[in-house]
Each structure stands twice: as structure tokens, then as C-alpha cells.
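Structural description and commentary
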Amino acid sequence: MAVRVAVTALGIVTLLVALVSEIFVESVQQAALTFGMTPAFVGFIVVAIVGAAAEMTTALSAARKNRLDLSVGIALGSSSQIALFVAPVLVLLSLFIAPVPMNLQFWPGAVVMVMLSTVAVIFVTNGGRSAWYVGVQLLVLYAIFAMTLYLMPPVTS
């Protein structure tokens, strides 16, 4: 494929993804109001699951082929990319684009959840091996976070 054609195709696909993202955000906002979801639940759970669907599919495929190193690498690479690149870029862009600038100030419960998630990842990856019950434990931890965010929303000041 010629470079000009590839760049044009990439631009068109980027515009289509942006359009679909806008439609997704509007529908998620309506669903969140209908089901009584908190903004924290929508951000931490719903958007995270939908946004990482492609990575999760690839990681599950790698895990089925007994490639745990690749599976964990995909999951950790994606989360590291969000934490170290995407979030700071969005904060900087919000200074110019958003009506109110974003910040990276989180409520204490979110900080505790991120810390517990980090500790869980350290325990899972340091051993170099895994079993099905470790995955079940991680899913239970995720379910606890989801229930906490859904049932006990953070207090905003």
C-alpha cells in the first residue's frame, strides 16, 4: 500500500472511531442515568472494559495458547500506557480544549483501589507462573471494586 493511501485510510478510520466514540459516550451517559450508575463506576468499570476490549481479546487468545508472558505483557503494557501517557496528555489538552481543565486529583478510595491493584499485580507477576485460582482471585478483586464503586459512590466536596 502506498504511503499516501495508508495515511488517508488512517485519517478516515480515525474520524470514524471518533464518531463512534461520541455515540458511545452519549449512550453510556443515558444508560448510567437509567441504571443509577455513578460517574466513578462508569469511568473505572464500563469505559475501561469497553476501551480495552481489543487488548483483552488478544490477551485471552495468548493465554489460551499458554503464552502467559505475552498475555500479562499486553495487560500491563496497556495499563502503563494509559497511566504514563494518555492521562497526562489529556490533562494537558484539557487546558486548551475543555471548558474546565482536568486534574489528576483522585478521591482517597480510588487511590486505595489503584494501590491494591498494583500490589495484586506484583504478587501475580513476581512468581512467573500462575494457575486458574489466581485468575479467579483477581476477578473477585475486580468484582469487589465494581460493587464498591456502584453501591458506595465517592463523596464529592
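Here we summarise the structure given alongside this text. (Residues numbered from 1 in each chain as written. Predicted model: local features only at pLDDT ≥ 70, side-chain atom pairs only at ≥ 80, totals over all residues. Heavy atoms only, no water.)

**Some points on the nonpolar core**
Ala 40, Phe 41, Ile 45, Met 113, Phe 145, Ala 146 and Leu 149 form the largest nonpolar core, which has seven residues in total. Elements with a minimum of two residues in this core: α2 (39-51) and α6 (132-151). Residues within four places of Phe 145 in sequence aside, it is in contact with Met 113, Leu 116 and Ser 117. (Core = buried A, V, L, I, M, F, W, Y, C linked by side-chain atoms within 4.5 Å. Buried < 20%, exposed > 50% of the residue type's maximum accessible area, 1.4 Å probe, protein only. Helix = DSSP H or I, 4+ residues; strand = E, 2+ residues; numbered from the N terminus. Contact = heavy atoms within 4.5 Å.)

**Some details on the packing of aromatic side chains**
A full pass over the atoms with the stated rule returns two aromatic pairs. Residues Phe 41 and Tyr 150 carry aromatic rings whose centres are separated by 5.1 Å and whose planes lie at 75° to one another, so their mutual orientation is edge-to-face. Here Phe 41, found in helix α2, pairs with Tyr 150, found in helix α6; they are 109 residues apart in sequence, far enough to count as distant. On the basis of relative accessible area, Phe 41 is assigned to the buried category, the value being 12%. Judged by its relative accessible area of 32%, Tyr 150 falls in the partly exposed class. Both rings, one in Trp 132 and one in Tyr 133, keep their centres 6.1 Å apart while their planes meet at 85°; by these two values the pair is edge-to-face. On the basis of relative accessibility, which here comes to 67%, the residue Trp 132 falls in the exposed class. (Phe/Tyr/Trp six-rings, centres within 6.5 Å; stacked < 30°, edge-to-face > 60°.)

**Some thoughts on the packing of helix α1 (residues 3-35) against α2**
Across the interface, α1 lies against α2 with an axial gap of 12 Å and an inter-helix angle of 135°. Judged by the inter-axis angle, α1 sits oblique to α2. The hand of the α1/α2 crossing is right-handed. Residues Phe 24, Val 28 and Ala 32 of α1 lie in contact with α2, whose contacting residues are Val 42, Val 46, Val 47 and Val 50. Residue classes in the contact of α1 with α2 are distributed as seven nonpolar, no polar and no charged. (Axes fitted to C-alpha atoms, helices over the stretch in contact; angles between N-to-C directions. Parallel < 35°, antiparallel > 145°, perpendicular 65-115°, else oblique. Left-handed = near helix turned anticlockwise from the far one by under 90°. Nonpolar A, V, L, I, M, F, W, Y, C, P; charged D, E, K, R; others polar.)

**Focus: the packing of α2 against α6**
The contact between α2 and α6 brings their axes to 8 Å, and the two run at 140°. Considering the angle they form, α2 stands oblique to α6. Between α2 and α6 lies a crossing whose hand is left-handed. Along the contact surface, α2 presents Ala 40, Phe 41, Phe 44, Ile 45 and Ile 49, while α6 presents Tyr 142, Ala 146, Leu 149 and Tyr 150. For the contact of α2 with α6, the residue count by class is nine nonpolar, no polar and no charged.

The quantities given are spatial measurements derived from coordinates; they are silent on function.
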